[in-house]
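One letter stands for each residue in the lines below.
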Amino acid sequence: MAASSREHVLSLYRLLLKESKKFPSYNYRTYALRRVRDAFRENRTVEDPKDVEELLRRARDSLALIQRQVCIGKMFETQKTVVEQEEQKSD
């Protein structure tokens, strides 16, 4: 993988993680973070340029989906889970 392509992939990965952390719901947030990490780990050895481009296209589509869902999720107030309440107490 070319250096610029690698930088682009890492940038997209970081952006997906950053956007996933914005989910107001704990369950969606943890699922999205886990799914992003797993998908990138699963495909870390892909070197075929066509496959890399397809995976990047899917990642960009996923990023757009996450951004939309975060926006929708922020429109509606959700009750905090016990886990989130414990996290706030320890902070």
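Structure shown above.
Because the structure is a prediction, the values reported are computed rather than measured.

## A word on the overall build of the protein
Okay, so step 1: Assigned secondary structure in the protein consists of 4 helices and 0 strands.
Okay, so step 2: In sequence order, the secondary structure elements of the protein are arranged as α-α-α-α.
Okay, so step 3: Computed over the C-alpha atoms, the radius of gyration of the protein is 16 Å, more than 25% above the 12 Å expected from 2.2 N^0.38 for a compact globule of 91 residues.
Okay, so step 4: When the backbone C-alpha atoms are referred to their principal axes, the protein occupies close to 45 × 25 × 20 Å.
Okay, so step 5: Within the protein, buried positions represent 22% of all 91 residues.
Okay, so step 6: Of the roughly 7100 Å² that the protein leaves accessible, carbon and sulfur atoms contribute 51%.
Okay, so step 7: Distance between charge centres in the protein, computed from 19 positive and 15 negative side chains, equals 2 Å.

## Quick word on helix α2 (residues 26-42)
Okay, so step 1: Relative to the 24 Å expected for 17 residues at 1.5 Å per residue, α2 spans 24 Å between its end C-alpha atoms, a close match to the ideal helical length.
Okay, so step 2: All of the buried residues along α2 are Arg29, Ala32, Leu33 and Val36. Down the axis of α2, the smallest arc covering the buried residues is 95 degrees, so these residues share one side. Seen from the open side of α2, the exposed residues pointing more than 90 degrees away from its buried face are Asn27, Arg41 and Glu42.

## A few points about the environment of arginine 60
Okay, so step 1: With respect to the secondary-structure elements, arginine 60 resides in helix α3 (residues 49-75).
Okay, so step 2: Under the relative-accessibility criterion, arginine 60 is labelled partly exposed at 36%.
Okay, so step 3: Expressed as a C-alpha distance, the spacing of arginine 60 and leucine 12, which sit 48 residues apart in the sequence, is 7.6 Å.
Okay, so step 4: The contacts of arginine 60, once residues within four sequence positions are left out, are His8, Leu12 and Glu53.

## What about the side chain of glutamate 19?
Okay, so step 1: Checked against the element boundaries, glutamate 19 lands in helix α1 (residues 3-20).
Okay, so step 2: The class of glutamate 19 is buried, set by a relative accessible area of 10%.

Calculation criteria
Residues numbered from 1 in each chain as written. Predicted model: local features only at pLDDT ≥ 70, side-chain atom pairs only at ≥ 80, totals over all residues. Heavy atoms only, no water. Helix = DSSP H or I, 4+ residues; strand = E, 2+ residues; numbered from the N terminus. Rg over C-alpha atoms; globule rule 2.2 N^0.38 Å. Buried < 20%, exposed > 50% of the residue type's maximum accessible area, 1.4 Å probe, protein only. Areas by Shrake-Rupley, 256 points an atom, 1.4 Å probe, with all protein chains shown as cover. Lys, Arg positive; Asp, Glu negative; His and termini not counted. Charge placed at Lys NZ, Arg CZ, Asp CG, Glu CD. Expected span 1.5 Å × (residues − 1). Arc of directions from axis to C-beta. Contact = heavy atoms within 4.5 Å.

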